[in-house]
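# Survey of secondary and tertiary structure
Letter by letter, the chains look like this.
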Amino acid sequence: MREDRARAAMQDHCETKLMLEGYGLTTARILYHFPDHPGLLQSYIWQDYDIAPKFPALLGFIEFWKARLEGPLHSVCFTHNRLIAPNEWRKVDGELLLN
């Protein structure tokens, strides 16, 4: 239980760092042909933190798919949303602590 909380806190810290570095959440819907039935399409949803406009994580996953998986790709549609925009941050000059 304690290890789970520590792992979750570490993941939150890493995600916050990624957001501050300009990463956003990228979601892709991948349609691919069944290897045994090429006339049928299957959908796969992929989601990860990535940075626009080059999308290295998404392109890396697509390259992995082409090299290692049997189902040929039909199409990839994706959306990307920065989770922290520049206008959401402001300088704080002080801090008030209440006990």
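Here goes a summary of the coordinates provided.

Criteria and cut-off values
Residues numbered from 1 in each chain as written. Predicted model: local features only at pLDDT ≥ 70, side-chain atom pairs only at ≥ 80, totals over all residues. Heavy atoms only, no water. Helix = DSSP H or I, 4+ residues; strand = E, 2+ residues; numbered from the N terminus. Buried < 20%, exposed > 50% of the residue type's maximum accessible area, 1.4 Å probe, protein only. Contact = heavy atoms within 4.5 Å. Areas by Shrake-Rupley, 256 points an atom, 1.4 Å probe, with all protein chains shown as cover. Pairing = 2+ DSSP bridges. Axes fitted to C-alpha atoms, helices over the stretch in contact; angles between N-to-C directions. Phe/Tyr/Trp six-rings, centres within 6.5 Å; stacked < 30°, edge-to-face > 60°. Core = buried A, V, L, I, M, F, W, Y, C linked by side-chain atoms within 4.5 Å.

## A look at the overall build of the protein chain
Helix and strand counts for the protein chain come out as 2 helices and 3 strands. Burial analysis of the protein chain (99 residues in total) assigns 18% to the buried set. For the protein chain, long-range pairs separated by at least 24 residues make up 58% of all intrachain contacts whose partners lie at least 6 apart in sequence. Of the roughly 8200 Å² of accessible surface on the protein chain, 56% is carried by carbon and sulfur atoms.

## Let's talk about unusual backbone geometry
Outside of glycine, negative phi angles account for most residues, and trans bonds account for most peptide bonds. Between Ala 52 and the following residue, Pro 53, the backbone shows a cis peptide bond with an omega angle of 5 degrees. Considering the arrangement of structural elements, one finds Pro 53 in the loop between β2 (41-50) and α2 (56-68).

## Here we look at the sheet that holds strand β3 (residues 73-82)
Strands belonging to one sheet form pairs held by backbone hydrogen bonds; the direction of such a pair is parallel or antiparallel. Read across the sheet, 3 strands follow the order β2-β1-β3 without closing on themselves; strand pairing throughout is antiparallel. If you trace the sheet from one side to the other, it starts and ends with β2 and β3, each paired once. Along the sheet, successive strands turn relative to each other by an average axial angle of 15 degrees, direction set aside. The strands touched by α2 within the sheet are β1 (24-33), β2 and β3, with β2 carrying the most contacts at an inclination of about 145 degrees.

## Quick word on the packing of aromatic side chains
The tally for this structure, following the rule as stated, stands at 8 aromatic pairs. Measuring from centroid to centroid gives 6.0 Å for Tyr 44 and Phe 61, while their planes differ by 15 degrees, and the two rings are stacked. Of the two residues, Tyr 44 is situated in strand β2 and Phe 61 in helix α2; the sequence distance between them amounts to 17 residues. What makes Phe 61 buried here is its relative accessible area of 15%.

## Focus: the nonpolar core
In this structure, Ala 28, Ile 30, Tyr 32, Trp 46, Phe 55, Leu 58, Phe 61, Ile 62 and Trp 65 together form the largest nonpolar core, which totals 9 residues. Residue assignment for this core shows that the elements contributing at least two residues are β1 and α2. Per-element tally for this core: the top contributor is α2, with 4 residues. Among residues more than four places away in sequence, those in contact with Ile 62 are Leu 73 and Val 76.

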